[in-house]
Amino acid sequence: MLSGETYLWIKAVHVIAVISWMAGMLYLPRLFVYHCGVDPRSEASATFKIMERRLIKAIMTPAMVLAWVLGLVLAVEGGLFSHHWFHAKLLAVVAMTAAHLFLNHCRVQFSENANHRSAKFYRVINEVPTLLMIVIVILVIVKPF
């Protein structure tokens, strides 16, 4: 059992990790939109590839892992697994993780000059993390069921 202060520190770091993860989830598809508009052999494309790789490897993935680990610690400590709102939240976080993995797949395709999707596709896919974030926040704050 964690002390009250320790629980709050874990919660604070969890929120910081979630914010960092979400920042990347919202920014990476936007980079893809711009990346679609340049020649795959250009210097601009090489710069986008570096930016995309660093974003996912140095920020997004570590933040996702930290959010998951600390979120599970908080869930166990708070006895949240018996709440229906938490089950729905967990499902939404799994969907966010799947979106993360898909964006990484897209990043790899760009890195191999094998992207076949349009800028419009990435504009639309950019809304998925936003919608999932809205659902997650409502579930956590309102606890509708």
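Quick summary incoming for the structure in this document. (Residues numbered from 1 in each chain as written. Predicted model: local features only at pLDDT ≥ 70, side-chain atom pairs only at ≥ 80, totals over all residues. Heavy atoms only, no water.)

### Structural notes on the environment of Ala44
Here Ala44 lies in helix H2 (residues 43-78). Put simply, Ala44 and Tyr34 are ten residues apart on the chain and 9.7 Å apart in space, counted from C-alpha to C-alpha. (Helix = DSSP H or I, 4+ residues; strand = E, 2+ residues; numbered from the N terminus.)

### Some points on the packing of helix H1 (residues 4-36) against helix H5 (residues 127-142)
Two measures define how a pair of helices packs: the angle their axes make with one another and the distance between the axes. In the contact formed by H1 and H5, the axes pass within 8 Å of each other and the chain directions differ by 150 degrees. With respect to H5, the element H1 is oriented roughly antiparallel. Across from Met22, Met25 and Leu26 in H1, the residues of H5 making contact are Pro129, Thr130 and Met133. For the contact of H1 with H5, the residue count by class is five nonpolar, one polar and no charged. (Axes fitted to C-alpha atoms, helices over the stretch in contact; angles between N-to-C directions. Parallel < 35°, antiparallel > 145°, perpendicular 65-115°, else oblique. Contact = heavy atoms within 4.5 Å. Nonpolar A, V, L, I, M, F, W, Y, C, P; charged D, E, K, R; others polar.)

### Details of the packing of aromatic side chains
Scanning the entire structure with this criterion turns up seven aromatic pairs. Seen in terms of ring centroids, Phe32 and Phe110 are 4.9 Å apart; in terms of plane orientation they differ by 25 degrees. Their pairing is stacked. Taken together, the residues span a long stretch of sequence, with Phe32 in helix H1 and Phe110 in helix H3 (residues 84-111) at a distance of 78 residues. In this structure Phe32 comes out as buried when scored by relative accessible area, which is 0%. On the basis of relative accessible area, Phe110 is assigned to the buried category, the value being 5%. In textbook terms, an aromatic cluster arises when at least three aromatic residues are bridged by ring pairs, as seen for Phe32, Phe102, Phe110, Phe121 and Tyr122. If you follow Lys143 out to its NZ or CZ, it ends over the ring of Trp85, 4.8 Å from the centre. (Phe/Tyr/Trp six-rings, centres within 6.5 Å; stacked < 30°, edge-to-face > 60°. Buried < 20%, exposed > 50% of the residue type's maximum accessible area, 1.4 Å probe, protein only. Lys NZ or Arg CZ within 6 Å of the ring centre and 35° of its normal.)

Interpretation note: all reported values are geometric properties and have no functional meaning in isolation.
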